[in-house]
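Geometric and topological summary
Each chain is listed here by its residues.
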Amino acid sequence: MRPGRSRAIAATALALGTLLTTALPATAAEGPGPASRCTPALHVLDRLPGTGAGSWGSESVNDFGTGGLSVGQSAGLPAYWTGSTVHRVPLPSGYDRGSVAAVNHRGLMVGSIQGPVGVAAFSYRVGAAAVRVLPGGTYAADVNDRGTVAGGNDSADAAYLWTGATLTRTLTASRRSPPSTRPRSGRAPAPCEPSPASPPTARPAPRPSMTRPGWGVGPTTAIRTTAPAPRTP
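As for the overall build of the protein
Of the regular secondary structure elements, the protein holds one helix and 15 strands. Every one of the 233 residues in the protein was classed for burial, and the buried ones make up 39%. Sequence-distant contacts, at least 24 apart, represent 46% of the contacts inside the protein between residues at least 6 apart. Accessible area for the protein stands at about 13,000 Å²; split by element, carbon and sulfur atoms hold 57% of it.

Take a look at the structure:
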C-alpha cells in the first residue's frame, strides 16, 4: 500500500472518530439501551436493470435509515430502497457509476460517484434532481444526524468534513513514526497484560461498510437477513 494511501486511510479514520464524538450525546457513553425487539426475516430487494445487474460486487446494501430506507448500489449504480423497491440516485453529466455509503436518520445520503470526468464525493436527499458534489473529495464515508459528512480524497493525505456543500475542516494524519510499544523494564508483559508504554485507550467502534451484521450480498441480489436495530442518534 502506498504511504500516501495509508495516511489518507488514517486521516479518514480520524475524521470518522471526530464525527462520532461530535454527534453522540453525552449519555451515549453510559452504555447501550435495551435491545430492540425484532423478528428475523429474509427480504429480497429489487435491483436496477443494466449490464451489471446481478453480477458479483454490483449489488450491495451498505446502510439503513428510518422508515424502511436502505442504501447501497444496484447494477453498479448508487441506489436506495424503500422497503424492497429500488430507486436510482440521479447522477450529473459525466458520471455513470457509484455507490451510496451511508444515510442518516434524516434521509441524507452520502457516497462516491465515478465516470469519464473523474471521481467525486456526493450527498443526496430523496426528491433532489441530482446529487450534490462535495468540493475536493473523492469519497464520502459517513454522515451524522446533524448533516456533517466525513470523507476525503484518495490522492491526498487528509480527510475532510463537510456541512452542506461547504468544506469545514481538514484533518491530516501524522507523518511521524508511531511510538515504541517495547516495555520500559526488561520483563516482557504477560499475555493480555497492557504494555507500560502503550496503555489501553478507548476508541469508537469502527463503522462497518459494504456488508453489515444482519445484511448479506448474494451473487444476483442484495438481501437483508434480519430486521436491524435502530442506530443511536
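There is more to say after this.
Section: the sheet that holds strand 2 (residues 60–64)
Two pairing modes exist for strands in a sheet, parallel and antiparallel, and in both the strands are linked by backbone hydrogen bonds. Strand order in the open sheet formed by four strands is 2-3-4-5, and the pairing between neighbours is antiparallel. Two strands bound the open sheet, and with one partner strand each, they are strand 2 and strand 5 (85–88). Adjacent strand axes in the sheet meet at a mean angle of 30°, parallel and antiparallel pairs treated alike. Judged from the six bridges that link them, strand 3 (residues 69–74) and strand 4 (residues 77–82) form a sheet pairing that is antiparallel.

A word on the environment of Thr148
Among the structural elements, Thr148 can be located in strand 11 (residues 148–152). It is 7.5 Å that separates the C-alpha atoms of Thr148 and Gly164, two residues lying 16 residues apart in sequence.

Digging into the sheet that holds strand 10 (residues 139–143)
Spatial strand order, 10-11-12-13: four strands in an open sheet with antiparallel pairing. Two strands close off the open sheet at either side, each with one partner strand: strand 10 and strand 13 (166–172). Within this sheet the neighbouring strands show an average axis-to-axis angle of 30°, counted without direction. Of the pairings in the sheet, the one linking strand 11 to strand 12 (residues 158–163) comprises five bridges and is antiparallel in character. Bridging across to strand 12, Gly151 finds its partner in Tyr160.

Focus on the pattern of salt bridges
Counted under the stated rule, the structure contains one salt bridge. For Asp96, the salt bridge goes to Arg97, with nearest N and O atoms at 2.8 Å. Residue Arg97 is classed as partly exposed on the basis of its relative accessible area, which comes to 41%.

Here's the deal with the packing of aromatic side chains
Tallied over the entire structure, the rule returns two aromatic pairs. For the pair Tyr80 and Tyr124, a centre-to-centre distance of 6.4 Å together with 40° between the ring planes defines the contact as tilted. Taken together, the residues Tyr80 in strand 4 and Tyr124 in strand 8 (residues 118–125) connect sequence positions 44 residues apart. Residue Tyr80 shares its accessibility class with Tyr124, and that shared class is buried. Between Tyr160 and Trp162, the ring centres sit 5.7 Å apart and the planes meet at 75°, which makes this aromatic pair edge-to-face. A relative accessible area of 11% means that Tyr160 is categorised as buried.

Remarks on the confidence of the model for the protein
The share of residues in the protein with pLDDT of 70 or more is 55%, and the mean pLDDT across the chain is 74. Of all helices and strands in the protein, the one with the weakest mean pLDDT is strand 14 (residues 215–217) (43), whereas strand 7 (residues 108–115) scores best (97). Scored below 50 in pLDDT, residues 181–193 shows nine contacts in the model against residues more than four places distant or in partner chains.

Observations regarding the pairing of strand 7
In terms of burial, strand 7 is a largely internal element, eight of the eight residues being buried. By the alternation rule, side chains of strand 7 split into Leu108, Val110, Ser112 and Gln114 and Met109, Gly111, Ile113 and Gly115, which are all buried. In this structure, strand 6 (residues 97–103) lies alongside strand 7, joined through six bridges in antiparallel fashion. When the bridges of strand 7 are listed, Val100 appears paired with Gly111. The antiparallel hairpin formed by strand 6 and strand 7 contains four residues in its connecting segment, where Gly107 sits at a positive phi of about 85°.

Here is what the cut-offs are and how they apply
- Residues numbered from 1 in each chain as written.
- Predicted model: local features only at pLDDT ≥ 70, side-chain atom pairs only at ≥ 80, totals over all residues.
- Heavy atoms only, no water.
- Helix = DSSP H or I, 4+ residues; strand = E, 2+ residues; numbered from the N terminus.
- Buried < 20%, exposed > 50% of the residue type's maximum accessible area, 1.4 Å probe, protein only.
- Contact = heavy atoms within 4.5 Å.
- Areas by Shrake-Rupley, 256 points an atom, 1.4 Å probe, with all protein chains shown as cover.
- Pairing = 2+ DSSP bridges.
- Axes fitted to C-alpha atoms, helices over the stretch in contact; angles between N-to-C directions.
- Salt bridge = Lys/Arg side-chain N within 4 Å of Asp/Glu carboxyl O.
- Phe/Tyr/Trp six-rings, centres within 6.5 Å; stacked < 30°, edge-to-face > 60°.
- pLDDT = per-residue confidence, 0-100.

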